[in-house]
Every structure is written in C-alpha cells, then in structure tokens.
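Architecture at a glance
Chain by chain, the residues run as shown.
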Amino acid sequence: MKSKSLYPLMKNNISNKDIEYVTNFLKKKPILTQSKQVLKFEKIWSKWLGVKYSVFVNSGASANLLSIQLLKLKYPKGGEVIVPAHTWSSDISSILHCGFKPVFVDIDFQTLGMNSDLIISKINKNTKAVFISYILGFNCLTDKLLKYLKKKRIDLIEDVCESHGATFKNRKLGTFGWTSNFSFYYAHHMSTIEGGMISTNDKKAYYDLLILRSHGLIREVNNLSYQSTIKKKYKDLNSQFIFKYPAYNLRNNEIGGILGQSQIKRLNKNIKKRNQNHLLFLKKLNKNVFFTQYNLKGHSNYALNLILKKKSKSLFKKLTNNLKYNKIEYRIGSAGGGNQLRQPYLRDILKNKYYLNFPNTEHLHFYSLYIGNYPELKKEQIEFLSNVCNSISK
Ligand SMILES: Cc1ncc(COP(=O)(O)O)c(C=O)c1O
C-alpha cells in the first residue's frame, strides 16, 4: 500500500530547500559526526521550545530511554512510573529496561491521553514519575495534575514526540516536565530523517544527559571544573576515557543537525496549516458516526484521527475497505497500534487479560485509525477524505 497511496501518511517532508542546505554544507567537506551543527540545532530548538538545555539524539525512542535512565540515576532502587496504556512502545520499554515498574492508566477520547483523575488515583509512595504521552497533537495536561505532582514532588516526564508546538495555557508542551522528549522521524511535525530531542531546564540533568548520550563519557561535558572534580577522584584513569555511567551511543550527526536547522524554520507555519486542515476535516465528518469532540485548545495536529462511536466491526471494516479502495493510507489504533498491553512483550508478563481493564484504550484498539495530515493538503482533498469516511453510513 505504501508507495501506491494517493494519500500517504506523510508527503514530501524533506524539501528541496533542505536538500540544498545539506549539499551546500557537504561541499565544505565538514566534520560529519556530532559537532558544531548539532550544538547549533540544540540551541535553536531550546529557544523555539522555551527551555534552557536540549540534547539531540538519534530517535524519539532514545530520548525516552535517556529520560528514564536519568530517573534511574535519581532512584537507583527503581519504583513505579505511571504511563498510558495507549502510547508508543519505547515509553514502556524504557521503564522496563531501567528496572522500574510501569503502572498503566486509561485515556480520554477528547485528548487521546491519560485522564488526570485516573493518574492521581494510581499515585502512591512508590510512584517516582508520571510519563505522559501527548497523542497526535492533543494536550492532556491539567492544572489539577500539575498541582498534585508538585505537592507530592513527583517528576513529570513529557513525551511530545507526536505533538511539537502543542500548548497548554499558551505554553508549549515539553516545558512543564523535568524532561521532555521529541521525535524527528520522517512522518512527524518536522524531520531529521531519524532523530529526537530531550529537553530540560535542569543543569545537572543536562550534564548527565550529555554523558548518557555518549557511552557514559565525562569528556562530553564541556565544563572544566565539573570534569576536574571527577578526574581527581579517579587518578588511575585516562581523562579521555572515564565512563561515569553504564551507557550507550545515542548520538545523531551533523547532517541531522543541518536538517533540523533547516526544518525548524517552517515548523510554525506547517503547524498552523495542519491545524486548519484538521478543523475542516472535523467540521465535515459525520458526527453521528465519528467522535469529534476533541480538546482542540492548543492542539498541533499531524494526523487525522477517526474513532467510531459505535463498537461495530462491520462499520469499521467498511471504513478500512473504503480507505483502501481510494488509496488512502491509514494506521489502525492511533498511536502505537492501540492497546500496548495487548502486545506480546507485555501480554506475557501481565497475564489474565489485564489489557481489558482499559476500556477507552480498548475501544481505540478496535475502532479507531488515523490518516495523514500534511501541510500540502488542499481544501477539496480534505473534503474528499471526509466524504470517503462519511460514506460508510450510507
Ligand atoms: C509517542 C511516541 N513516543 C516515542 C516515539 C518514538 O520516536 P522514534 O520513532 O523517533 O524513535 C514515537 C514514534 O512515533 C511516538 O509516537
């Protein structure tokens, strides 16, 4: 289906301007491994987001892993991390790999994200963090949750991989938590082909992230007094090879840095156009058949989500058949294919059909899908897309 789609999930995300920017850069025969362009992109990104520090990595999943590795430095004995049943796999696998226990919470249809009251009901003395995912550009943060987390001194980690530029109370998502994660994978709001970012306002966390991104090496921190304190402690070690933490190589490279700098220039404009597309699509959708009451405040849409109101397998089959027939690419289950607890890596640990405890996520798993929303979509095309969807009720 991929190459033949008339309406793919993403179109033309690397522009001629991006390619020109990269080729002009390459002609200078520059350093290609992580260097000045990565740092430059990180600084531009921090300014765009409104945070002090950002660390460019090779994927959103790596940003997720770094967030939880950081949490592990704070809580070596582990503990519980609250996470949605409806999210991407790396939000959960990072928790498992770092020795924490994931505690799952159901979502609301209005936001596709975790319900604040449900999060609060799962918090106890073992809770070390809430790892929130903003799905398809919707905000699910609430004042109530933020206040509660502050009172209980529980860290918020924000997965903004699908929601660049979305806001809560006019402030960008990704500026509320201890750390925030972004993905620049090809199909997202902006792309460095593969890539991700982890952002924070905490200087100590920033230093640790630089170290964790690069094998655990302290030489990554460009601060001589920081380095010398550690060097003094380990006089038997060569200062170029002091591995402070057990870590991996999650670095990106200079081409990614150049692409990021080029793409971020049109990010705000693209977000505006995608949001217009989304609003038109929702206006045209048949409200008796599809759920349309999303929380649109501060949204930053990048895919058009369809949730059947009725749990009807035959209607859903009709929808997918219509989309296939019209060569419209789709993904079933919204983010990450629906209920993560049904996936083999969790299902076999949790047992007893634990996935059934999340009714809204279950509904999304079987009766929802998304189709692409890219800036180039024209009004007539959006009308055509909504007509194809609406035709299932005829
Ligand atoms: C919510 C969420 N988190 C993390 C990721 C992982 O990002 P990446 O594909 O860049 O590793 C994705 C991927 O799409 C995602 O949707």
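Residues numbered from 1 in each chain as written. Predicted model: local features only at pLDDT ≥ 70, side-chain atom pairs only at ≥ 80, totals over all residues. Heavy atoms only, no water.

**So, the site of the ligand**
In plain terms, the rule: Being near a molecule or strand, for a residue, means having at least one of its heavy atoms within 4 Å of it. By the criterion applied in these results, polar contacts are pairs of N or O atoms within 3.5 Å in which, for protein atoms, one can donate a hydrogen and the other can accept it, and in which residues neighboring in sequence qualify only through two side-chain atoms. All accessibility values rest on the Shrake-Rupley procedure with a 1.4 Å probe; residue burial counts only the protein chains present in the view. Each helix is a run of DSSP H or I of at least 4 residues and each strand a run of E of at least 2, with the numbering of both proceeding from the N terminus.
Contacts to the ligand come from 14 residues, most closely from Gly60, Ala61, Asp159, Glu162 and Ser183. The contact in question runs from an oxygen atom of the ligand to an N or O atom on the side chain of Ser183, over 2.7 Å. In isolation the ligand has 390 Å² of accessible area, and contact with the protein removes 91% of it. Elements supplying a minimum of two residues to the shell around the ligand: helix 3 (60–74) and helix 4 (89–97). Ranked by residue count, the leading element in the shell around the ligand is helix 3, at three residues.

**Description of the nonpolar core**
Rules: We define the nonpolar core as a collection of buried residues of types Ala, Val, Leu, Ile, Met, Phe, Trp, Tyr and Cys that are connected through side-chain atoms lying within 4.5 Å of one another. Each residue's exposure class comes from its accessible area (1.4 Å probe, protein chains only) as a fraction of the maximum for that residue type: buried when under 20%, exposed when over 50%, partly exposed otherwise. An automatic or database domain assignment supplies the residue ranges for each domain. Note on contacts: a residue pair is in contact if any heavy atoms of the two residues lie within 4.5 Å.
Residues Phe281, Phe290, Leu323 and Ile371 are the most contacted members of the largest nonpolar core, which totals 43 residues. Sorting the residues of this core by element identifies helix 10 (267–284), strand 10 (303–307), helix 11 (313–325), helix 13 (359–367), strand 12 (368–372) and helix 14 (379–390) as the ones contributing at least two each. Residue-level mapping places this core at the junction of two domains, with at least three residues from each of domain 1 (16–264) and domain 2 (267–393). With residues near it in sequence (within four places) discarded, Leu323 still touches Ile328, Tyr330, Leu369, Ile371, Val388 and Cys389. Counting 40 residues, the second-largest nonpolar core is a separate cluster that includes Leu71, Ala85, Phe100 and Leu346.

**A word on the domain arrangement of the protein**
Many descriptions give the size of an interface as the accessible area lost when the pieces come together. This is how the line gets drawn: The buried area of a pairing is the accessible area, by a 1.4 Å probe, that goes missing from both parts when the two are put together, added over both. Every case where a carboxyl oxygen of Asp or Glu lies within 4 Å of a side-chain nitrogen of Lys or Arg is listed as a salt bridge. In this classification, Asp, Glu, Lys and Arg are treated as charged, Ala, Val, Leu, Ile, Met, Phe, Trp, Tyr, Cys and Pro as nonpolar, and every other residue, Gly included, as polar.
Along its sequence, the protein is carved into domain 1 (16–264) and domain 2 (267–393). The centre of domain 1, based on its C-alpha atoms, is set 27 Å off from the matching centre of domain 2. The contact between domain 1 and domain 2 buries some 3000 Å² in all, and 64% of this surface belongs to carbon and sulfur atoms. If you sort the residues of domain 1 by the area they bury against domain 2, Phe109, Leu136 and His189 come out on top, with a joint share of 25%. Here domain 1 is connected to domain 2 by zero salt bridges. Seen at the junction of domain 1 and domain 2, the total is 17 residue pairs in polar contact (both at pLDDT 80 or more). Those elements that place two or more of their residues in the side of domain 1 that touches domain 2 are helix 2 (36–49), helix 4, strand 3 (101–105) and helix 9 (254–264). No other element matches the three residues that helix 4 contributes to the side of domain 1 that touches domain 2. Across the side of domain 1 that touches domain 2, the residue classes break down as 18 nonpolar, 14 polar and three charged.

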